[in-house]
Amino acid sequence: MKIQILISKFSWANNYKKEILTKLKKFSKDIKILHSHKELKKNNDINIIFSYFKIIPTQYLKKSKVNLITHESNLPKGKGMSPLTWQILKGKKKIFFSLIEASSKVDSGVVYFKKEKIIPKTFLFDEIKKIQLDENLKLIIKFIKFYKKKNKVPKSKFQIGKSTFYKKRNPQNSEIKINKSIFAQFNLLRIVDNKSYPAFFKIYGKKYILRISKS
């Protein structure tokens, strides 16, 4: 079985490449992690789109028999970018993790599996991302086991209901408002990446960086 994994070059998931390969290598001796859909090879069995920030044209999806996308929302609600982050910002604790088939429209493919997980309200960025990694890998492994044993994909369901979308986040979204309490903005502090997009505030015409960690 040939497996290719797409991860954007600047994604948090690159910190876990070794762990991803370790957990999947028992199912295949031919696994490649790529950073661009233009690198995808033909005659591939499974293409796993894991934290990839670009829309993939159909011509590249056709290079694999199956194209899987991991997405952290109860689809069709919460399509788009950074769904886990947006939901935590809204104070949600129970998060759906979905495994779907890639399609020509954003996050609109059939759903293979869904799983709900509680994100503890005390968890910060690295801890949240570790849960995201683990839950998505469980869904991927569940799919691969079935596919390898049955030589076909599991039963899937069409998405039913009205779609909602989350927009892309950028470094400006990490701004802390100086006139609001820390408590009111704690969810924002929880989801900022101290390295790539740290929290910050502005006062007296200057910008100051905040980095959060547990004592």
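Rules of the game
Starting from 1, residues in each chain are numbered consecutively following that chain's sequence as written. Since the coordinates come from a predicted model, pLDDT governs what is reported: local features require at least 70, and pairs of side-chain atoms require 80 or more to be given and counted, while whole-chain, interface and lining totals use all residues. Hydrogens and water are ignored here; the side-chain numbers use all heavy atoms of the structure. Only DSSP runs of H or I with at least four residues qualify as helices, and only runs of E with at least two residues qualify as strands; both kinds are numbered from the N terminus onward. Here a polar contact means two N or O atoms within 3.5 Å. Within protein one must be a hydrogen donor candidate and the other an acceptor candidate, and residues neighboring in sequence count only if both atoms are side-chain atoms. Contact definition: two residues touch when any of their heavy atoms are within 4.5 Å. Think of a nonpolar core as a cluster: buried Ala, Val, Leu, Ile, Met, Phe, Trp, Tyr and Cys residues, connected wherever their side-chain atoms sit within 4.5 Å. The cut-offs for exposure are 20% and 50% of the maximum accessible area for each residue type, with area from a 1.4 Å probe on protein chains only; residues under the lower value are buried, those over the upper are exposed, and the others partly exposed. Only strands joined by at least two bridges in the DSSP assignment are considered to pair. The handedness rule is simple: strands pointing away from the viewer, and a clockwise path from the first strand over the helix to the second, make the crossover right-handed.

A. Structural detail: the side chain of Gln-132. In this structure, Gln-132 sits in helix H4 (residues 125-150). Polar contacts involving the side chain of Gln-132 include one to the side chain of Lys-129, which spans 2.9 Å. Beyond its immediate chain neighbours, meaning those up to four positions away, Gln-132 contacts Trp-12, Glu-72, Leu-84 and Phe-97.

B. Molecular detail of the environment of Tyr-112. Tracing the sequence through the fold places Tyr-112 in strand E7 (residues 111-118). Along the primary structure Tyr-112 and Tyr-52 are separated by 60 residues, whereas in three dimensions their C-alpha atoms are 19 Å apart.

C. Representation of the nonpolar core within the structure. By size, the foremost hydrophobic cluster in this structure holds 42 residues, and its most contacted members are Ile-5, Leu-24, Ile-46, Ile-48, Phe-50 and Phe-143. The greatest single-element share of this core, amounting to 11 residues, is contributed by H4. Look past the residues within four positions of Ile-48 in its chain and what remains in contact with it is Ile-3, Gln-4, Ile-5, Leu-6, Leu-24, Leu-68, Ile-140 and Ile-144. Grouped together as the second largest cluster of nonpolar side chains are 13 residues, Leu-6, Leu-34, Leu-40 and Tyr-60 included.

D. Representation of the pairing of strand E2 (residues 30-34) within the structure. With five bridges connecting them, strand E1 (residues 2-6) and E2 associate as parallel partners. Counterpart to Lys-2 in the pairing with E2 is Asp-30. Read from E1 through helix H1 (residues 17-24) to E2, the crossover connection turns out right-handed.

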